[in-house]
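Summary of structural features
Chain by chain, the residues run as shown.
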Amino acid sequence: MPDIPAIPRIAAEAAATKVPMVPAYAVLPRVRRPLAAAFRALIALTAATSVTITLFAGSPLRALTHFTIQSGILAAAVFTLSSGRAWTARRPLPPSLTTGTLLYVTAAGVFHHVILANGTPPGGAAPLTGWQALSNQLLHTALPLAAALDWLLLTRPAPLRPHHAAAWLLFPLAHLTFTLTHGAFLSPNAPTGSPYPFLDPTRHGYIGALSNATVLTLACYNLALLLIAVDRIRPGPGPRRRPPKTGFRLQPPVG
């Protein structure tokens, strides 16, 4: 039996009677979050200040090769944008971006305290003092803790999946690749040596350095999976508001 063609008027009336799906922010008023904005602005200021001190205290080009400095610059940019969005009641940044930033600063802090903090400085350098010591603690301790508190207390859970963990590894893998091969791109008069002694092929050979890089990559991936697992069970910030009884089906925002 052939299909009966749709009658234009009846089809239009039937489509009009369907309940449309609209975003929740189109019905519910947007709410400014000054506390979250202020805390995120403080995190951005901490990251920017510590990075600036590190750049001016030594060689800027060499400092920029450190994963900690790169993740600190990313954190300063992300938390500045996130603070502005919370202050103006705009839609939050994508959860994959904010959680990925948390992963990078946390990994930098954990690796520093576990691997580097208890060892001797590379090349026999003197221990950090003064402003350099302050910057070191801000980047490796204060910044990861503050970012974690913002994520746990001021950020709503998001539908993160394991494939996000694999995507987040692209940045650390690119940095590890550069670290293992950066000597080939340096001029003869440039200072040699890897920014991290455990990734220096001249000390451990390429097999040893690649082995250490593999261990760090797996550790970073497991940390990413842990963040995704915690994100699925943690509560959101504040009580959830019940949507009003209307003819619309609300699609809540993520973040």
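The structure under discussion appears in the preceding block.
Residues numbered from 1 in each chain as written. Predicted model: local features only at pLDDT ≥ 70, side-chain atom pairs only at ≥ 80, totals over all residues. Heavy atoms only, no water.

Let's shift gears to the overall build of the protein. Assigned secondary structure in the protein consists of nine helices and two strands. The secondary structure elements of the protein, listed N-terminal to C-terminal, are α-β-α-α-α-α-α-α-α-α-β. The buried share among the 255 residues of the protein stands at 34%. Here the contacts in the protein between residues at least 6 apart in sequence split such that 80% fall between residues at least 24 apart. Within the structure as shown, the protein displays about 15300 Å² of accessible surface, and the carbon and sulfur contribution to it stands at 69%. (Helix = DSSP H or I, 4+ residues; strand = E, 2+ residues; numbered from the N terminus. Buried < 20%, exposed > 50% of the residue type's maximum accessible area, 1.4 Å probe, protein only. Contact = heavy atoms within 4.5 Å. Areas by Shrake-Rupley, 256 points an atom, 1.4 Å probe, with all protein chains shown as cover.)

Right, let's get into helix α6 (residues 130–153). Look at α6: 33 Å from first C-alpha to last across 24 residues, which is about the 34 Å you get at 1.5 Å a residue. Of all the bends found along α6, the most pronounced is centred on L138 and spans about 40 degrees. All of the buried residues along α6 are S135, N136, L139, H140, L143, P144, A146, A147, D150 and W151. The inward-facing, buried residues of α6 abut α2 (34–57), α4 (67–87), α5 (95–116) and α9 (201–233). (Expected span 1.5 Å × (residues − 1). Bend = angle between axes of the 7 residues up to and from the residue.)

To continue, consider empty space enclosed by the protein. Applying the stated rule across the entire model yields three cavities of 30 Å³ or more. Taken as a whole, the largest cavity encloses approximately 90 Å³ of empty space. Around the largest cavity sit 11 residues that line it, and R40, S82, P92, T98 and T155 are the ones nearest its centre. Per-class residue counts for the lining of the largest cavity are four nonpolar, four polar and three charged. (1 Å grid on protein atoms, 1.4 Å probe; cavity = no way out; pocket = protein on both sides within 12 Å on 5 of 7 lines; lining within 4 Å. Points joined across faces, edges and corners; volume = space filled by probe spheres on them. Nonpolar A, V, L, I, M, F, W, Y, C, P; charged D, E, K, R; others polar.)

Further remarks concern the side chain of R234. Topologically, R234 is positioned in the loop between α9 and β2 (249–251). Taking the relative accessible area as the measure of exposure, R234 reaches 9% and is therefore buried. Within the structure, R234 has its side chain in polar contact with the backbone oxygen of R156 (distance 3.3 Å). Polar contacts involving the side chain of R234 include one to the side chain of D231, which spans 2.8 Å. The residues touching R234, leaving out its near neighbours within four places in the chain, are W151, L152, T155, R156 and P157. (Polar contact = N/O pair within 3.5 Å; in protein donor to acceptor, adjacent residues only side chain to side chain.)

Axis separation between α4 and α6 bottoms out at 12 Å; the angle between their running directions is 35 degrees. As for the relative orientation of α4 and α6, their crossing is left-handed in sense. From α4, T68, I69, G72, A75 and F79 reach across to α6, where they touch L139, H140, L143, A147 and D150. (Axes fitted to C-alpha atoms, helices over the stretch in contact; angles between N-to-C directions. Left-handed = near helix turned anticlockwise from the far one by under 90°.)

Attention shifts here to the packing of aromatic side chains. In total, this model carries three aromatic pairs according to the counting rule given. The interplanar angle of 80 degrees and the centroid separation of 5.0 Å between the aromatic rings of Y104 and F171 together place this pair among those described as edge-to-face. Residue Y104 is located in helix α5, and its partner F171 is located in helix α8 (residues 170–181); the two are separated by 67 residues in the primary sequence. Its relative accessible area of 8% is what places Y104 among the buried residues. According to the relative accessible area criterion, F171 is partly exposed, its value standing at 24%. Within the aromatic cluster, the residues linked to one another by ring pairs are F67, Y104 and F171. The ring of W87 carries the charged tip of R32 above its face, separated from the ring centre by 4.3 Å. Residue placement shows R234 over the ring face of W151; its charged tip is 4.4 Å from the ring centre. (Phe/Tyr/Trp six-rings, centres within 6.5 Å; stacked < 30°, edge-to-face > 60°. Lys NZ or Arg CZ within 6 Å of the ring centre and 35° of its normal.)

Moving on: α4. An ideal rise of 1.5 Å per residue puts 30 Å on 21 residues; α4 measures up with 30 Å between its terminal C-alpha atoms. Residues of α4 that are buried include every one of F67, T68, I69, S71, G72, A75, A76, V78, F79, S82, S83 and A86, and no others. The first or second residue beyond α4 is A89, which carries a positive phi of 60 degrees.

In total, this model carries two salt bridges according to the counting rule given. Here R40 and D150 are joined by a salt bridge, their closest N and O atoms 2.7 Å apart. One end of the pair, R40, is in helix α2; the other, D150, is in helix α6, with 110 residues separating them in the sequence. The buried category is assigned to R40, whose relative accessible area is 5%. Measuring nitrogen to oxygen at the nearest pair gives 2.8 Å for the salt bridge that ties D231 to R234. In this structure, D231 and R234 share a single accessibility class: buried. (Salt bridge = Lys/Arg side-chain N within 4 Å of Asp/Glu carboxyl O.)

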